[in-house]
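Chain by chain, the residues run as shown.
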Amino acid sequence: MNTKSLYQEVILDHNKKPRNYGTLDKASHHAVGHNPLCGDHLDIALNLEGERIDGIAFHGESCAICKASASMMTTVVKGKTRADAETLIKEFRDMATGTLDLEGQHHLGRLTVFAGVRDLPTRVKCAILPWHTLHAALNAVTTISTESEDDPMHAPIGDA
Amino acid sequence: MKIIDSTLKPQFASTFDIDRVRADFPILELQVEGKPLVYLDNAASSQMPQPVIDRLVRYQTTQHANINRGVHYLSELATAEYEGSRRRLQRFINAREDREVIFTSGTTDAINLVMHGYGRKFIGAGDEIILTTLEHHSNIVPWQMLAEEKGAKIRVVPINDAGELLIDEYEKLFTERTKFVGVLHVSNALGTVNPVKEMIAFAHARNVPVLIDGAQAVPHMTVDVQDLDCDFYAFSGHKLCGPTGIGVLYGKAELLERMQPFKGGGDMILSVTFEKTTYNSIPHKFEAGTPPIAAAIGLGAAVDYLSSIGLDAIAAYELDLLNYATEQISCMPGVRIIGTAAMKTAVLSFEVEGVHPHDIGTLLNQEGVAVRTGHHCVQPVMLRLKVPATTRASFAFYNTMAEVDAFIAGLRTVQKIFM
């Protein structure tokens, strides 16, 4: 693929002006995700009202792919139920690793701008890190690493 | 008014037949993403010239058998070629004797050998090991394991903002408990060339042995272990135009003889009964099991190849590359060089304002340019210089000034995308 097509305007824009960037005053769930291979880390806090994600924010140090992925993720899951978020997490992961049929049924919408990472094996983790951190937060795991055995990345998401 | 003759081409100090050199490296003809490959990841691993590839093929085609065993033709031939390669390596680093050259799987393996063979025997509770902030993880972690096992302490030589060791601080770290010094010759992340000869002399005046991690030095300068007077010198084959899976530990014979074996097995013994095993003499004491014979012979061919070009000529040419690249990158707004030591090899680590190294690496790859991004296995250096990660372009003698231009043009494209 043409790598430049991954660095599309929407991704560059979210990298430059990340949405929901910062911390939450009131958070019920929280997790930190690490990628020790590059030193990147991402802090995600969210507030659940019943089963609904009422508020979400993130901050941290990361590459453009990771930051844009986190930014777009927060805009998409805000207001959704925990179950809907888990569905998106699974679909995003499948898309990034190349196992999702993009022509088939899914709920990713404009998140498909990240489909190109499946052709860049070293960058898949950058795109997925925010989603795995969200999964960890929803499941009350406070820290995850892309390189640890218990990283949800190594386990089927949605079956947990 | 200064008169500038614009017809003059840039003058470089070195004379070097770069076209002839490049013709020896078939991989340099590759196209990546539709562009000519610009390989600037030489500090991670170098490419292999045709004479070394040919040597591997010749060995596998006409010379292979296990060594030190059979009385048959092939076994004797393979043994002679393997030992011949050891002598090539001996000459390459100017070791006194060929038995001071031990084949290992690489630099990491060589350092672990010293930790197990020397450290576990001669370093005890309360003893101190001096390392430097610049060390690669491979010259930190084995010593931490030893320190934990024995109750020994690690003392660390600090660096300044340019990435140079503070030699005054090094000298102050010595106490009567200092039992060992480990220091890298050249920093893989920053290119800093350390004054190891002076550091060794200082340690020896206090009867402390010194291990030099030379992985990033031997491909880029003449290394003479007798002149340095180091006790151990470790390096890898694959950074030296040789194969992976092979490296060398040089050690002074009298030290190697006093050390305990690292790995047990065949070849490293003279006799074995269940009551008592007698170890073989050096270097065989440290080469248990069947070694990577082909790789060792390939490495012999690689150092012959490098010697035929001349390490001094290589060093001079690479300095021209470094100076040119440094000058070009210094003109770019928003780019900061990390590692500005007075003495450097051709390594250029840098940050681009507002752009993460991983994004730079991915986008440069789109231009055919291969660089390394990340922490380069030196997290203490990154912590000290307060950078989470850098992008690193590392040059070899087969790179060209035109490739520096392609790299700089690629960086400009990256900046444009992120503007």
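Residues numbered from 1 in each chain as written. Chains lettered and ligands numbered in written order. Predicted model: local features only at pLDDT ≥ 70, side-chain atom pairs only at ≥ 80, totals over all residues. Heavy atoms only, no water.

**Topic: the sheet that holds strand β7 (residues 178–184) of chain B**
All names here are of chain B. Condition: At least two DSSP bridges between two strands are needed for those strands to be called paired. Every helix listed is a DSSP run of H or I at least four residues long, and every strand listed is a run of E at least two residues long, numbered separately from the N terminus. Axis geometry follows a simple rule: fit a line to the C-alpha atoms, using only the stretch in contact for helices, then measure angles between N-to-C directions, giving values from 0 to 180 degrees. Every residue pair with non-hydrogen atoms within 4.5 Å of one another is taken to be in contact.
Strand order in the open sheet formed by 7 strands is β4-β10-β9-β8-β7-β5-β6, and the pairing between neighbours is mixed. Edge positions in the sheet fall to β4 (101–104) and β6 (153–157), since each has one partner strand and no second. Within the sheet, the average angular offset between the axes of one strand and its neighbour, ignoring direction, is 20°. Packing of helix α3 (residues 73–93) onto the sheet brings it into contact with β4, β9 (232–236) and β10 (247–251), and relative to β4 it is tilted by some 115°.

**A closer look at the nonpolar core**
Keep this limit in mind: Note on terminology: a nonpolar core comprises buried Ala, Val, Leu, Ile, Met, Phe, Trp, Tyr and Cys residues joined through side-chain atoms within 4.5 Å. Any residue under 20% of the maximum accessible area for its type is buried, any over 50% is exposed, and the rest in between are partly exposed; the area is computed with a 1.4 Å probe on protein chains only. As annotated, the domain borders come from an automatic or database domain assignment.
One finds Ile65(A), Phe114(A), Tyr233(B), Ile329(B), Phe397(B) and Phe407(B) to be the most contacted residues of the largest nonpolar core, which totals 155 residues. When residues of this core are assigned to domains, at least three map to each of domain 1 (18–44 + 310–417) and domain 2 (52–308) of chain B. In this structure Ile65(A) touches Leu6(A), Tyr7(A), Ile11(A), Phe114(A), Val117(A), Arg123(A), Cys126(A), Ala127(A) and Asp359(B), once residues within four positions along its chain are discounted. Counting residues in hydrophobic clusters, the runner-up holds 25 residues, among them Leu113(B), Tyr118(B), Leu249(B) and Leu255(B).

**Concerning helix α5 (residues 141–150) of chain B**
Because each turn of an α-helix spans 3.6 residues, side chains separated by three or four positions end up pointing in the same direction. Residue and element names in this part refer to chain B. Inclusion rule: Regarding the arc, it is the one traced by the directions from the helix axis to the C-beta atoms.
Among the residues making up α5, those that are buried are Pro142, Trp143, Leu146 and Ala147. The buried residues of α5 occupy one face: seen down the axis, they fall within an arc of 135°. For α5, the secondary structure elements touched by its buried residues are α4 (107–122), β5 (128–132), β6, β7 and β8 (210–213). Downstream of α5 by one or two residues, glycine 151 has phi in the positive range, about 75°.

**Some points on the environment of Asp119(A)**
Here Asp119(A) lies in the loop between α3 (82–96) and α4 (124–138). Remark: the alpha-carbon pair of Asp119(A) and Ala96(A), spanning 23 residues in sequence, is separated by 8.7 Å.

**Some thoughts on the side chain of His238(B)**
Residues and elements named next belong to chain B. Test applied: Two N or O atoms count as a polar contact when they lie within 3.5 Å, although within protein this holds only if one can serve as hydrogen donor and the other as acceptor, and sequence-adjacent residues are included solely when both atoms are side-chain atoms.
Among the secondary structure elements, histidine 238 is positioned in the loop between β9 and β10. Taking the relative accessible area as the measure of exposure, histidine 238 reaches 18% and is therefore buried. Within polar-contact distance, the side chain of histidine 238 engages the side chain of serine 45 at 2.7 Å. Apart from residues no more than four positions distant in its own chain, histidine 238 is found in contact with Ala44, Ser45, Ser46, Pro243, Thr244 and Ile246.

**Examining the side chain of Thr104(B)**
Relative to the helices and strands, Thr104(B) resides in strand β4. Residues within four places of Thr104(B) in sequence aside, it is in contact with Asp109(B), Ala110(B), Leu113(B), Gly245(B), Ile246(B), Gly247(B), Val248(B) and Leu249(B).

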